[in-house]
Amino acid sequence: MRKGLITQGAVLKSIAEYDELGQSAFLAKYRFSEARSYLLLHEGREYDSKAIAGVAHKWDHGRALLPEEFSGGKDHAAAWLKRAGFEVKSVKNPDWARDEIILACHLVMANGRKGLDANDPRVIELSGLLQLMPIHAEADRNEKFRNPNGVARKTFDIATRHPDYRGKPTNGGALDVEVLHEFLARPTEMTEVAQLIRQGITAGDLQTLPLNDDEDLDDYSAPEGRLLMSRHRRRERNKGLRKKKIAAVLRQGGTLACEACGFDFEEVYGDRGSGYIECHHVVPLHEAGEGRTKLSDLALICANCHRMIHRRAPWPTPRELRNLIENRRDTVVRIPVQQNAAERGTATKYSNHSN
């Protein structure tokens, strides 16, 4: 049985059995609980999506999936049902992303580190802005997604986690605390970040970013959030800019060696490595607005150093990474490679023979 390989006909048979037995009896028969994340919509009615998807396997593969064999989330049941041509809606809204919390935290800090009420015009405006952000798919949002009540609650979650707050904090997550501490540690920079996100969403530039890049952005550490990081990566991958940067360096008599470690792809790989090098956009995320990218904003960097720069914030410049590499080379003690047992035995034999 291949999980998820269910047909539209099998889903319709499951729906028919659900209607015949009723929700409680259907769920009890197949040991499912009520849906907590997604509901299947069909002809004006709502169905427990995980149970329907699991039972659909009975009609296509001879037995229903057990509840513990799969999840009801967007990677399993919800995705399978959508693939079969059905509409699925979210029961609860997704967790707040860092970018969203940055905007809410900025509002709290601007309000004297206090939470705001749902009827505050600033909360209503932020609610509308959050609904334009492309971070969460439409299918993952319900009718209350980031409404003023939810935004107001988030401002109190943040405000009551401030170190100076003496009352009992409201419910909130670890990410609220992380972002708040970023604002406390780097107030000017994080304010600039919030303004850039706000400007990008309002202007439309950040509304259409492809956040499902082939390279997972979670591999990169960026307190400034996913949207600005995605725009940063898009600039680095601009083939036209990369070619212009390479041409400019060669025109000035330079080589395509990594500005951090000195690695030269052509030296090592010959023709296969000729003309290859990655570009790193050196302007910090909190400063990189909508201005045109200049060639001086780009540094030539090898893939390893590029990954190391992005791995942990704050990101070092290529020069700083080069200094780190050089200091490391100076301080690391070279340990001789130890001989294995066979090599030691051979060495002893020849030593004894020479004696």
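As a reminder, the structure under discussion sits directly above these lines.
Residues numbered from 1 in each chain as written. Predicted model: local features only at pLDDT ≥ 70, side-chain atom pairs only at ≥ 80, totals over all residues. Heavy atoms only, no water.

1. A short note on the environment of L250
Part 1: Residue placement: L250 occurs in helix α11 (residues 239–251).
Part 2: Given the relative accessible area of 46%, L250 is considered partly exposed.
Part 3: Along the sequence, L250 and G275 sit 25 residues apart, while their C-alpha atoms lie 9.9 Å from each other. (Helix = DSSP H or I, 4+ residues; strand = E, 2+ residues; numbered from the N terminus. Buried < 20%, exposed > 50% of the residue type's maximum accessible area, 1.4 Å probe, protein only.)

2. A closer look at helix α1 (residues 8–21)
Part 1: Between its first and last C-alpha, α1 extends 20 Å over 14 residues, near the 20 Å set by a 1.5 Å rise per residue.
Part 2: Turning to α1, its buried residues number three or more, namely A10, V11, S14, I15, E17 and Y18. For α1, the angular spread of the buried residues around the axis is 160°, confining them to a single face.
Part 3: In this structure, the buried side of α1 is in contact with α2 (23–29), β1 (38–42), β2 (45–48), α3 (49–61) and α4 (77–83).
Part 4: Looking one or two residues past α1, G22 carries a phi angle of roughly 90°, positive in sign. (Expected span 1.5 Å × (residues − 1). Arc of directions from axis to C-beta. Contact = heavy atoms within 4.5 Å.)

3. Here we look at the nonpolar core
Part 1: I102, L103, L126, M133 and I197 are the most contacted members of the largest nonpolar core, which has 32 residues in total.
Part 2: Listed by contribution, the elements that provide at least two residues to this core are α5 (98–110), α6 (121–130), α7 (148–159), α8 (174–185), α9 (187–203) and α10 (226–236).
Part 3: Of the residues forming this core, the biggest block, seven residues, is contributed by α5.
Part 4: Setting aside anything within four residues of it in sequence, one finds I102 in contact with V179, F183, M190, V193, A194, I197, P223, E224 and G225. (Core = buried A, V, L, I, M, F, W, Y, C linked by side-chain atoms within 4.5 Å.)

4. A closer look at empty space enclosed by the protein
Part 1: Overall, the coordinates contain one cavity of 30 Å³ or more when judged by the stated rule.
Part 2: Space inside the largest cavity adds up to approximately 50 Å³.
Part 3: Ranked by residues supplied to the lining of the largest cavity, first place goes to α10 with four residues.
Part 4: Taken together, the residues that form the lining of the largest cavity break down as three nonpolar, two polar and two charged. (1 Å grid on protein atoms, 1.4 Å probe; cavity = no way out; pocket = protein on both sides within 12 Å on 5 of 7 lines; lining within 4 Å. Points joined across faces, edges and corners; volume = space filled by probe spheres on them. Nonpolar A, V, L, I, M, F, W, Y, C, P; charged D, E, K, R; others polar.)

5. Considering the pattern of salt bridges
Part 1: For the coordinates displayed, the defined rule picks out 20 salt bridges.
Part 2: Between R186 and E182 there is a salt bridge, with the nearest N and O atoms lying 3.1 Å from each other.
Part 3: Judged by relative accessible area, which is 21%, R186 ranks as partly exposed.
Part 4: Here the salt bridges do not stand alone but share partners, grouping E182, R186, E189 and E224 into one network. (Salt bridge = Lys/Arg side-chain N within 4 Å of Asp/Glu carboxyl O.)

6. Topic: the pairing of strand β3 (residues 87–90)
Part 1: Of the two faces of β3, the one holding V88 and S90 is buried and the one holding E87 and K89 is not buried anywhere.
Part 2: Where β1 meets β3, four bridges bridge the pair, whose relative direction is antiparallel. Paired with L41 across the bridge in β3 is E87. (Pairing = 2+ DSSP bridges.)

7. Looking at the sheet that holds β1
Part 1: One open sheet holds the three strands; their spatial order is β2-β1-β3, and the pairing between them is antiparallel. On the outer flanks of this sheet lie β2 and β3, each paired with one strand and no other. Put simply, the sheet's adjacent strands are angled 40° from each other on average, direction ignored.
Part 2: Against the sheet, α1 makes contact with β1 and β2, and its axis sits at roughly 100° relative to β2, the strand it touches most.
Part 3: The sheet strands contacting α3 are β1 and β2, and the helix crosses β2 at an angle near 70°. (Axes fitted to C-alpha atoms, helices over the stretch in contact; angles between N-to-C directions.)

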